[in-house]
Every structure is written in C-alpha cells, then in structure tokens.
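# Commentary on secondary and tertiary structure
Each chain, letter by letter, is given below.
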Amino acid sequence: LYLVSAVSSLLQAGWCLLCYGAWFYSSEHGWNGSSQWLIVLAFFWGLHTISNLQHTISCRAVATWCYSGSGGDWATIRAISHVGLVTMGSVCLGSLLTAGLAVARYYYKKARKNAHKHPFLFCCCMCCLSACSGALETFNSYAFVSVARDGLPYCAAARKTAAQLSHMGIAVIIQSDLIDGVIENSANLAGIVMSGVAGYISIDVMDVHVSHFWNILVIMIVGYLVGYALMCSCAVTLEAAMVTLLLCFEDNPELFEETHPCVFGKLVCSWAESDVGVPDWVQEAAARIQGGQPQTECLEKF
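Small disclaimer: the values here were computed from a predicted structure and weren't measured.

About the thresholds
Residues numbered from 1 in each chain as written. Predicted model: local features only at pLDDT ≥ 70, side-chain atom pairs only at ≥ 80, totals over all residues. Heavy atoms only, no water. Core = buried A, V, L, I, M, F, W, Y, C linked by side-chain atoms within 4.5 Å. Buried < 20%, exposed > 50% of the residue type's maximum accessible area, 1.4 Å probe, protein only. Helix = DSSP H or I, 4+ residues; strand = E, 2+ residues; numbered from the N terminus. Phe/Tyr/Trp six-rings, centres within 6.5 Å; stacked < 30°, edge-to-face > 60°. Salt bridge = Lys/Arg side-chain N within 4 Å of Asp/Glu carboxyl O. Axes fitted to C-alpha atoms, helices over the stretch in contact; angles between N-to-C directions. Parallel < 35°, antiparallel > 145°, perpendicular 65-115°, else oblique. Left-handed = near helix turned anticlockwise from the far one by under 90°. Contact = heavy atoms within 4.5 Å. Nonpolar A, V, L, I, M, F, W, Y, C, P; charged D, E, K, R; others polar.

## Quick look at the nonpolar core
Counting residues in hydrophobic clusters, the biggest one holds 16 residues, and the most contacted among them are C66, F249, F256, F264, V268 and I289. If you list the elements that add at least two residues to this core, you get α2 (33–68), α7 (213–251), α9 (261–272) and α10 (280–290). The greatest single-element share of this core, amounting to five residues, is contributed by α9.

## As for the packing of aromatic side chains
On inspection of all chains with the given rule, the structure shows five aromatic pairs. For the pair F44 and Y106, a centre-to-centre distance of 6.3 Å together with 55° between the ring planes defines the contact as tilted. You can see F44 sitting in helix α2 and its partner Y106 sitting in helix α3 (residues 73–110), a full 62 residues away along the chain. Here the aromatic residues F43, F44, Y106 and Y107 are joined through ring pairs into a cluster of three or more.

## Thoughts on the pattern of salt bridges
Close approach of charged atoms allows side chains with opposite charge to pair. Per the counting criterion, the structure on display carries two salt bridges. In this structure, R149 and D150 form a salt bridge, with 3.3 Å as the shortest nitrogen-oxygen distance. Relative accessible area serves as the criterion here: at 11%, R149 is assigned to the buried category. A salt bridge links D150 to K160, with the nearest nitrogen and oxygen atoms 2.7 Å apart. Of this pair, D150 sits in helix α4 (residues 119–150) while K160 sits in helix α5 (residues 154–168), and the two are 10 residues apart along the sequence. Residues joined by salt bridges that share partners form a network here, namely R149, D150 and K160.

## Describing the packing of α4 against α7
Helix packing geometry: the angle between the two helix axes and the distance between the axes. Interaxial distance between α4 and α7 falls to 10 Å at its minimum, and their mutual angle equals 70°. By the criterion of interaxial angle, the relationship of α4 to α7 is roughly perpendicular. Like other packed secondary-structure pairs, α4 and α7 cross with a definite hand, here right-handed. Only E239, V243, T244, L246, L247, C248 and D251 of α7 make contact with α4, whose side of the interface consists of S141, Y142, V145 and R149. Its residues placed into classes, the contact of α4 with α7 shows six nonpolar, two polar and three charged.

Purely geometric stuff here, so don't read any function into it on its own.
In structure tokens:
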C-alpha cells in the first residue's frame, strides 16, 4: 500500500506540472476565462481523483483483511484491479463534488480584493465554503469504503453512509480528530527530517559553501516540502485503514470477531471504556471477554 502512496505522489506531481503548463499556454495565447476555469477544475478534479483512488484501494485491501483474514501483496493487487475495473466511475463522481467546492474556494479567494466593502460577509462565506468542503471530504472518506468494499455506485454508497454516520454519531468525530492530529504532527516531523537531510546533502555532497546561505535555505525548504508531501500521501493510506476498520467493525462484528479475535477484543474493550456513545452490544461483548472467555488470553498477548 505504501508503494501505491509513492505512485500516487508521482502522479499528483505530474498532474500539477501538466496543469501548470496548460495554464501557462492559455495565458500566452490569450484564452478566455471559461477555458482557464476548465483548467482549474481539471487541476482540482485530477488531484482529488488520484488521492481518492489511493484511498479506495487502501479501503479495499483493508476490508479484505478484516473479513477474510488474509492480506499482503495479493490483496493490494486485487484491490487495484477492482478499483480500476469496477469503482473508477464512482470515485471520479465523488471527486468531482469536492473539486467543485475547491474551485469555488479558489475563485472566491481571488475576489478578496473587494472584501474591504463587505469584510464580514466575505469571512462568513469563506467559513461556510471551508466547512462544506471539510464535511464533504470526511463524508467521502466513509462513502468510498462502501464503494470499495461492497462495489456500490457512489449515490447508493452515499445513502448508506448517511445512515451509518447518523447511527455512529460522536464516534466518527472523535476518530477523525485523533487521526488528523497524528497526520499533521507526522507530516511536520517528516518535513523537518527531510529538510535536515537536504541541508546535509547540499553541504557535504554538493559542496555548497556555508556562506551561500540562501542557496542552502532553498534546498532545505524544498526538502521540507518533499517530506511533508510524501508523509501526507502515506497518511491517506493510514486514514483509509482506520475508517475501514471502524466501519467493518461496526457493520459485521460477528465476522470480525471470527477472523480477528485478538483485534476484536482489543477494540471492544477500549470502546467500552469510553463514556460517550457506547452501544449495548459493545458493553455486552466487553463484559463477555473480560469475564473469562477464551479470548482473554489472546487479548492479553495483543
């Protein structure tokens, strides 16, 4: 899956260069605003589609591990073929919705030069667009689990996801907040490490003299951006795994317990310790496991 993350990063970088070239060409040849609007839409749509394809492939591979107990490279290869042949259209449709909001935010930010006339209204609209964009991206991260796991079209997966999120409630918000913090800190740490490595390479390998401070600084900034981008790409796989694990655990706990009793026991006991939104079946399962069932020994080894 992390090889898929690396390929996804390369595809996104290539797509950025391609769209930049198209934008430069359109500016040089005096294309009208509608043509450039299409380039901006294609830019965001392509980036979201590549990222969501990576997310869906990861969801499919993790769901295979959850329900069949098997994983590995073959699960990833089968997930790639399934997403490419079956669910590509649904992923593109979901990505188009988020790309549309991204385009709206982009052009609204360009209009901020007139914000001095109505600054409060401008701020409110930007907050609404940002909130809608974040909510839709979170919703899609769950909807693509149904797309990948069940092979549902996007609209059917969206209806199923809406019902699941209304049932799960606060657990989704807690999980999302925990993952976001880990991803942000990990990305910054990876950027700092890569920045230090780039600085060392520039001085020791490339023989850039220390007096050329600005050249070294530029190389270190590029190293930070590369490390940050690579970690964010890998974090898509981590987020997809956590979302898929949560939904598989919620949808079919009996099968999950049969295939992965140790993980099931750990999840149930940890969830039962929470004070918010604990279903009755989780409390009953935790009491059964902690009451001396055969899973207790396995749980202690986990």
